[in-house]
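The lines below spell out each chain.
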Amino acid sequence: MSDVNSEPRRGGWTRFVTARPRLTLLLALVVTALAVVAGSGVGDRLASGGWQDPNAESSYATKALEREFPASQPNLLLLVDSGTRSVDDPAVSAEARKLTDRLAAERGITGVGSYWQEGAPALRAKDGRQALVAARIEDDEKTAADVLDRIAPSYEGSRGLLTVSLGGPVAVQHEMQTLIQEDLLRAELIALPVTLVLLVMVFGSAVAALLPLGLGIVAILGTNAVLRGITELTDVSVFAQNLTTALGLGLAVDYALFVVRRFREELAAGAEVREAVGTTMRTAGRTVLFSALTVAASLAALLVFPQFFLRSFAYAGIAVVLLAAVAALVLLPATLMLLGHRVNALDLRKLLRRRGRGPATVPAGSDPVGAVPAGTAPAGTAPAAGEPVAAAQTAAAEEASGWGRTAALVMRRAPLFAVATTAGLVLLGLPFLGVTFGSSDYRQLPTSAETRVVQEEMGRGFPAGPSGALYVVAEGAATPAAYADFRDRAAALPGVLRVDGPVTSGTHAYFTVSSRGEAIGETAQHLVTALRAVPAPFDTSVTGPAATLVDSKGAIADQLPWALAVIVVVTLVLVFLLTGSVLIPVQAVVLNALSLTAMFGAVVWVFQDGHLSGLLGFTPTGDIDTTLPVLMFCIAFGLSMDYGVFLLSRIKEEYDRSGDHDRAVAFGLRRTGGLITAAAVILAVVMVAIGTSRVTNTKMLGLGIALAVIMDAMVVRSLLVPAVMKLTGTATWWAPGPLRRFHDRFGLSEGEGAGEPVADTPDGGQPPVRERDTAGV
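About the criteria used
Residues numbered from 1 in each chain as written. Predicted model: local features only at pLDDT ≥ 70, side-chain atom pairs only at ≥ 80, totals over all residues. Heavy atoms only, no water. Salt bridge = Lys/Arg side-chain N within 4 Å of Asp/Glu carboxyl O. Helix = DSSP H or I, 4+ residues; strand = E, 2+ residues; numbered from the N terminus. Buried < 20%, exposed > 50% of the residue type's maximum accessible area, 1.4 Å probe, protein only. pLDDT = per-residue confidence, 0-100. Contact = heavy atoms within 4.5 Å. Pairing = 2+ DSSP bridges. Axes fitted to C-alpha atoms, helices over the stretch in contact; angles between N-to-C directions. Parallel < 35°, antiparallel > 145°, perpendicular 65-115°, else oblique. Left-handed = near helix turned anticlockwise from the far one by under 90°. Nonpolar A, V, L, I, M, F, W, Y, C, P; charged D, E, K, R; others polar. Phe/Tyr/Trp six-rings, centres within 6.5 Å; stacked < 30°, edge-to-face > 60°. Lys NZ or Arg CZ within 6 Å of the ring centre and 35° of its normal. Expected span 1.5 Å × (residues − 1). Core = buried A, V, L, I, M, F, W, Y, C linked by side-chain atoms within 4.5 Å.

**A few points about the pattern of salt bridges**
In this structure the tally under the stated criterion is 28 salt bridges. Across the pair R150 and E106 runs a salt bridge whose closest N-O atoms are separated by 3.6 Å. Taken together, the positions of R150 in helix α6 (residues 141-155) and E106 in the loop between α4 (90-104) and β2 (109-114) put the pair 44 residues apart, joining distant regions of the chain. The partly exposed category is assigned to R150, whose relative accessible area is 34%. Residue D441 is joined to R443 by a salt bridge in which the shortest nitrogen-to-oxygen separation is 2.7 Å.

**Concerning the confidence of the model for the protein**
Residues of the protein with pLDDT of at least 70 account for 86%, and the chain-wide mean is 83. Note that pLDDT drops below 50 for residues 358-368; the model gives that stretch 15 contacts with residues more than four away or on any other chain.

**Section: the pairing of strand β3 (residues 130-137)**
Counted residue by residue, β3 has 8 buried out of 8 residues, so it is predominantly covered. Neither face of β3 is left uncovered, since the one carrying Q130, L132, A134 and R136 and the one carrying A131, V133, A135 and I137 both have all their residues buried. Taken together, the 6 bridges between strand β1 (residues 76-81) and β3 define a ladder with antiparallel strand orientation. Residue pairing in the sheet places D81 in a bridge with Q130 of β3. In this sheet, β3 lies alongside β2 in antiparallel orientation, the contact comprising 4 bridges. Following the sheet pairing, I109 is matched in β3 by I137.

**Side note on the packing of helix α2 (residues 21-39) against helix α11 (residues 308-339)**
Running from amino to carboxyl end, α2 crosses α11 at an angle of 135 degrees, the nearest separation of the two axes being 9 Å. The angle between the axes of α2 and α11 places the two elements in the oblique class. Here α2 and α11 pass one another in a crossing that is left-handed. Listed contacts from α11 to P21, R22, T24, L25 and A28 of α2 are V330, L331, A334, T335, M337 and L338. Of the residues assigned to the contact of α2 with α11, the class counts are 8 nonpolar, 2 polar and 1 charged.

**Looking at the packing of aromatic side chains**
Enumeration according to the criterion identifies 17 aromatic pairs in this entry. Judged by centre distance (4.9 Å) and plane angle (65 degrees), the rings of F69 and Y510 are edge-to-face. Note that F69 is positioned in the loop between α3 (57-68) and β1 and Y510 in strand β9 (residues 508-515), a separation of 441 residues in sequence. An aromatic cluster is built from W51, F239, F309 and F313, whose rings are joined through pairwise contacts. Lying over the aromatic face of Y155, R102 brings its terminal NZ or CZ to 4.4 Å of the ring centre.

**A word on unusual backbone geometry**
Going from G501 to P502, the amide bond is cis rather than trans, its omega being 10 degrees. Position of P502 relative to the elements: it lies in strand β8 (residues 496-505). A positive phi is found at L612, a non-glycine position, where the angle reads about 70 degrees. Judged by its relative accessible area of 43%, L612 is partly exposed.

**Some thoughts on the sheet that holds strand β4 (residues 157-159)**
Strand order across the open sheet formed by 5 strands is β2-β3-β1-β5-β4, with antiparallel pairing between neighbours. Pairing within the sheet leaves two strands with one partner each, and these edge strands are β2 and β4. Across the sheet, the mean angle separating the axes of adjacent strands is 25 degrees when strand polarity is ignored.

**A closer look at helix α20 (residues 583-595)**
Across its 13 residues, α20 extends 18 Å between first and last C-alpha, which sits within 8% of the 18 Å expected from 1.5 Å per residue. Listed as buried for α20 are I584, P585, Q587, A588, V589, L591, N592, L594 and S595. Buried residues in α20 make contact with α15 (414-429), α19 (545-579), α21 (597-608), α23 (627-658) and α25 (696-728).

**Side note on the sheet that holds β8**
Spatial strand order, β8-β9-β7-β10: 4 strands in an open sheet with antiparallel pairing. In this open sheet, the two edge strands, each paired with only one partner strand, are β8 and β10 (539-543). For this sheet the average axis-to-axis angle between neighbouring strands, irrespective of direction, equals 20 degrees. Sheet topology places strand β7 (residues 470-475) next to β9; 6 bridges connect them, and they run antiparallel. When the sheet's bridge partners are listed, A474 is paired in β9 with A509. Strands β7, β8, β9 and β10 of the sheet are contacted by α3, whose axis makes an angle of about 100 degrees with β10. Lying over the sheet, helix α17 (residues 480-491) contacts β7, β8, β9 and β10, oriented at roughly 160 degrees with respect to β8.

**Comments concerning the environment of T406**
Within the secondary structure layout, T406 lies in helix α14 (residues 402-412). Taking the relative accessible area as the measure of exposure, T406 reaches 24% and is therefore partly exposed.

**Here's the deal with the nonpolar core**
Counting 152 residues, the largest nonpolar core has Y255, L302, V321 and I705 as the members making the most contacts within it. With 19 residues, the top contributor of residues to this core is α11. When neighbours within four sequence positions are excluded, Y255 is seen to be in contact with V288, S291, A292, V321, A324, A325, A328, D642 and F646. In this structure, I109, L123, L162 and A171 belong to the second largest nonpolar core, which totals 35 residues.

Here it is in structure tokens:
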């Protein structure tokens, strides 16, 4: 390559970055420092709930109960243990009453009641040694957590004759949030050094290995600042921080691997540093941009759901994806301009080889990312006139490499690989047919968590209480006879154990309906529908755990088609713009979805059915939180598209250059197989670190996404995609005339030039190659 005309072929933004790299990095350093300040304390502003639909009937009824009957739904429980004495002992009763009165006087506490005040049997343990004090902390989760932090030290522990432990929903959520933040810090301490070691192994050069790590840190810090700003406007789930760390590191590694490898290819081919950066941004940079848009589109689909738990992952995911892409397209080229050939400095593999067998050699069958080819000609072709002889040697080495042999085998046995991998993935996904959807509770916490211990103690030692009951809120003037008639109708419904109430306050009243079976079981869910259909001369609304679950499932079912439509349509459009093909976008959607079957099957087999629960350290509940499969699909689909874009871009580049479909598919697999696998392994390490969390949903998210990433890289990208593309042949590149002309004008593809994809008919004709504008990023 030469410098002739290289400047005009670089886009305006690339010219700015490469012309002023020091200024670019200085500005980035200032912005990152501001992000650190802006994002400080973001963890303390995140909420731990958000699974319910705020516009649902159950949410409306809950707010009505909180407003009119604050004592009806206590969210803070004090488990009072009197030791060897009875809770009815006069001395114990005196201290317990003082404790209750003191709690009632606390700012932010309302609806305080206790066994010693009310004498309710449900508040006294069966052995007579424990009793409950119930209260409600008002306002939102953040305020409730602040109140709990303030009062907890004054009540927990030994208090004279009493020993007090805290439980209830607000305490469970607060402990869950605390554990997630602690686990996230531990995951980062695990993931960062392991990622650095893997990057050194992949790149060889310690200098090159530090680049993706730096990009990831910038993306994470920037996203924390974005989330801090969003918390001023709406609720954000604490779980979103886990996604920020995982995607920030994972995508930064993906993008840096792709960009740095292409930069090293250009340097090895003889390009000057400035020209190498320009070509890299025009090719790999363009692919990174497409990849980021596809991942962001998958995560943006979460915005259609009303639960802020799901929406929070869209906020965090879109921010971290776009920031990782900006870092790769701005900071990375500026850094590469300053480093130049020093990007290969501190090659630890060379040091090891010198201590070993002597001369540096690349073992047969290996394909390290750092072992960059000297030329870009595909394997099996002779070098063009004036091309370095090393290009032909590289082509032969690629052909003999592990990925070269894999490509040849897959292309030779395409029907076998296509059928076998598809059947295997479908088989792995079969357990998902038995999925049961539920909602999260205290069993998400480890068995040693104090609030879980309290909840389990109440479940074992106390009479069955109304904690899992349904509440029917009645609004409007009504006579005692009307209330009695409604109570009798409700009591006659199938699955009803008993109906208590009404408790009245002005024009409002509520009934407590206890159902047979589990609080969120099928019986309770059917009862919710039946209660809502009971005729009454006043307005009614139903809430409770089962009602919240029914409404959550309904909200997800209503919005899921829209979310899928967003993902599918955006993916089809972006992949078409990248490839100019009608068939490839459809293949991408179908094969990406197929790659997720193993993840969904494993989620049910492990986390619902309880296999490996002892090894992984969690309590199986027999169901899966309703929101988790939706969230995992959007994240994993986006990451699958990330790898798919990397593979398709190199295939398209070679097909435009040579017009040989089979050679292009094999070339793409050889050039990206090792890169995609390395990126997937590193991302899987990050997700596994997230999966070490003590909170079950976070563990499920981390380990499930790790499995999906590995299956996609090692099975779908390496075997299924090339096999299917071999079977579809040159018809893969067909597009109707109008769409082909649209792509010629507006589409983007990797490479110096682009030719016509194929003729108008999928007859396998060779396309005429022509030059076109390739203005870069």
